[in-house]
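Report on the structure
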Amino acid sequence: MFLDKQHLQGSSGGARASIEIDRGYAVRALVLQGGGALGSYQAGVYEGLAEAGIEPNWVAGISIGALNAAIIAGNAPEHRVARLRDFWAHICRQPWLPSLIPYETIADSAQHWPDPLRIWFDGIEAARALVEGQRGFFSPRLWRVPGAGSASYYDTSPLKATLERFADFDRINRHAEMRVSLGAVNVRTGNFVYFDNTRTTLRAEHFMASGALPPGFPAVEIDGEYYWDGGLVSNTPLSAILRAKPRRNALIFQVDLWSAQGALPEDLMAVATRQKDVQYSSRTRLITDSMSEQQNFRRLLSDVLALVPPARRQSEAYLRAAESACDARRNVIQLIYRDKSFEGSAKDFQFGPLTMKEHWTSGLDDIRGTLDRPEWLAMPTHETPFVTHDIHRRQAEGAR
C-alpha cells in the first residue's frame, strides 16, 4: 500500500526517547488550525508527539483541525497514529487512474520531478477533487435542492459515516480523559461558537459543522440552528485555550497550516496563493503577542494585590481586581506549515496520497526538530509568564 508507515517516516526516523513534561502544566493542549488537505501536516505533528510520549489532555480544532481532533480524541492513545493514518488514507484514495498504471508507480516518480512537471501532476489531482470529490468526504451535487442544508456545490454526508467509522464518540464524550473544543459560526446570527465536550454531547455533526466551508460545503444543522466553518471568523482556536477559566499553567502545541509571512506575489497565481495564506493564517503571532502582553499585566496585577494588607482584601475593588489577576504561565510551541516550491492556491483541496504523505512528513520532521530542544518545554518563569517558540522563526533568525 502506498500510504504505509515506512513512507510516513520523517527524515530523522527511528526510535526516540520519551520526553518528560513538567508536571506543573495542568493543561497540555493541541491546537489545530483549518486548512483542508494540508491537515495531514497536523497528523505528522501528532505522531511526533506520540513517539515522544507527549499526550495532550485538551485538543481544540477548526475545520480540518476539527476532523483530526475527532480521530485523536476518539481513539485510545496507543491507536491514534494508526487511526489517523487510516483516516487520511481513506479520504485521499485515488480512483481515477487505470489499474494498468498503478498510482504508487507514478507518485513515487512524481516526487522527484522538477517543479513544472510536479505543478502539472498536482494540478490534475486538484482538478479531480473538484470534479469527482473525495470518497468518504464530499461528492458533487448533481442537482440543487432548496434548503439551508443543501445550498452548496458539494454534499458532505459521506463524512458522517467516515467519522463514525474512525472515531468512537462515546470516548470523545468522556471528557475526563481529553477535553475537545470545536470552533464554528452560527449562520443566522454570525456569532462564533465553541462546541465543547464538557458542555455538550458531541456528535459527528459538530465536527462536520466546524468544517462546513461555504459555498463548497453546506451548513450543518444542530439543534435547530445551522453552522458554517469556524475559519470564516477565526481559523485558530488558540484563544479558547488561553481565555479558559480557571486560568492554569499550559503547554500548548499550536499547529498552523497557513503562514502569515510570505513572499511578495509577482503573478496572478501567486496572488491567489498568498491571498489564502493571509486570509486563513489568523495572525497567530499577533494573537500570542497580545495574549503575552495581557498575561504580563495579569501577573503584575497579582504581584500588586499581594501587597494589599489582609484586612483590606474583602473590599469590592480588591475582589474585582482579583478576578483579573493571574499568575498562570503559558508556553506556546508554534508549528507552521511551510509551502513547497511547487504548491499553489489549490493546496488546500489537493487530497492526493503523495501530497498527503509529504505534508505528514513535514509535520513529523518539524515536531522532531522542535523536541530536539527540550529546554523549550520548560515552565516559563514568574517574571516572563508567557513564552513562544517556533523552529522556523529561530532558523530564519539564525540565518541572518
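Residues numbered from 1 in each chain as written. Predicted model: local features only at pLDDT ≥ 70, side-chain atom pairs only at ≥ 80, totals over all residues. Heavy atoms only, no water.

As annotated in an unreviewed UniProt entry, the protein chain carries the name Patatin-like phospholipase family protein and is attributed to Cupriavidus campinensis.

The next point concerns the overall build of the protein chain. Each helix and strand in the protein chain was counted, giving 14 helices and 11 strands. At 22 Å, the protein chain has a C-alpha radius of gyration in line with the 21 Å of a compact globule built from 400 residues. Each of the three principal axes of the protein chain carries a C-alpha extent, and together these read 85 × 55 × 45 Å. Out of the 400 residues in the protein chain, the part that is buried amounts to 52%. Nonlocal contacts in the protein chain, meaning residues at least 24 apart in sequence, comprise 76% of its contacts between residues at least 6 apart. When the accessible surface of the protein chain is split by element, carbon and sulfur atoms take 55% of a total near 18,200 Å². Taken as two groups, the 45 positive and 46 negative side-chain charges of the protein chain have centres that lie 5 Å from each other. (Helix = DSSP H or I, 4+ residues; strand = E, 2+ residues; numbered from the N terminus. Rg over C-alpha atoms; globule rule 2.2 N^0.38 Å. Buried < 20%, exposed > 50% of the residue type's maximum accessible area, 1.4 Å probe, protein only. Contact = heavy atoms within 4.5 Å. Areas by Shrake-Rupley, 256 points an atom, 1.4 Å probe, with all protein chains shown as cover. Lys, Arg positive; Asp, Glu negative; His and termini not counted. Charge placed at Lys NZ, Arg CZ, Asp CG, Glu CD.)

A full pass over the atoms with the stated rule returns 18 salt bridges. Between Asp122 and Arg118 there is a salt bridge, and its shortest N-O distance comes to 2.8 Å. With Asp122 and Arg118 both in helix α5 (residues 115-132) and 4 residues apart, this pair spans about one turn of that helix. For Asp122, a relative accessible area of 3% gives the class buried. The salt bridge involving Glu225 is made with Arg188; its shortest N-O contact spans 2.8 Å. Note that Glu225 is positioned in strand β8 (residues 225-229) and Arg188 in the loop between β5 (179-186) and β6 (192-196), a separation of 37 residues in sequence. (Salt bridge = Lys/Arg side-chain N within 4 Å of Asp/Glu carboxyl O.)

What follows concerns the environment of His389. Mapped onto the elements of the fold, His389 is located in strand β11 (residues 386-390). By relative accessible area, which is 12% here, His389 ends up buried. For the pair His389 and Ile333, spaced 56 residues apart in sequence, the C-alpha to C-alpha distance is 5.0 Å.

Overall, the coordinates contain 13 aromatic pairs when judged by the stated rule. Ring centres of Phe87 and Phe166 lie 6.1 Å apart, and the angle between their planes is 80°; this geometry places the pair in the edge-to-face category. Here the residue Phe87 occupies a position in helix α3 (residues 80-91), and Phe166 occupies one in helix α6 (residues 157-166), the gap between them amounting to 79 residues. Classification of Phe87 as buried rests on a relative accessible area of 0%. Residues Phe169 and Phe207 carry aromatic rings whose centres are separated by 5.7 Å and whose planes lie at 70° to one another, so their mutual orientation is edge-to-face. Residue Phe169 is found in helix α7 (residues 169-172), and its partner Phe207 is found in helix α8 (residues 204-210); the two are separated by 38 residues along the sequence. The pair Phe169 / Phe207 is uniform in exposure class, with both members buried. The ring of Trp58 carries the charged tip of Arg179 above its face, separated from the ring centre by 4.1 Å. (Phe/Tyr/Trp six-rings, centres within 6.5 Å; stacked < 30°, edge-to-face > 60°. Lys NZ or Arg CZ within 6 Å of the ring centre and 35° of its normal.)

Let us look at the packing of α5 against helix α13 (residues 353-371). Where α5 meets α13, the axes come as close as 10 Å, and the angle between the chain directions of the two elements is 110°. One finds that α5 runs roughly perpendicular with respect to α13. In contact with Arg118, Phe121, Asp122 and Glu125 of α5, α13 contributes Pro353, Leu354, Thr355 and Glu358. Class assignment for the residues of the contact of α5 with α13 results in 3 nonpolar, 1 polar and 4 charged. (Axes fitted to C-alpha atoms, helices over the stretch in contact; angles between N-to-C directions. Parallel < 35°, antiparallel > 145°, perpendicular 65-115°, else oblique. Nonpolar A, V, L, I, M, F, W, Y, C, P; charged D, E, K, R; others polar.)

With respect to the secondary-structure elements, Arg299 resides in helix α11 (residues 284-305). Under the relative-accessibility criterion, Arg299 is labelled buried at 16%. Expressed as a C-alpha distance, the spacing of Arg299 and Pro385, which sit 86 residues apart in the sequence, is 7.5 Å. Discounting chain neighbours no more than four positions away, the residues touching Arg299 are Cys326, His382, Glu383 and Pro385.

As a further point, take the side chain of Asp122. Separated by 3.1 Å, the side chains of Asp122 and Gln350 make a polar contact. Discounting chain neighbours no more than four positions away, the residues touching Asp122 are Phe342, Gln350 and Thr355. (Polar contact = N/O pair within 3.5 Å; in protein donor to acceptor, adjacent residues only side chain to side chain.)

Ranked by size, the top nonpolar core spans 71 residues in total, and within it Trp88, Phe207 and Phe253 carry the most contacts. Here the element with the most residues in this core is helix α2 (residues 64-73); it accounts for 8 residues. Apart from the residues within four sequence positions on either side, Phe207 is in contact with Ala66, Leu67, Ala69, Ala70, Leu163, Phe169, Ile172, Val180, Leu182 and Leu202. Among the nonpolar cores identified, the runner-up in size contains 14 residues, and Val31, Trp58, Ile252 and Met291 belong to it. (Core = buried A, V, L, I, M, F, W, Y, C linked by side-chain atoms within 4.5 Å.)

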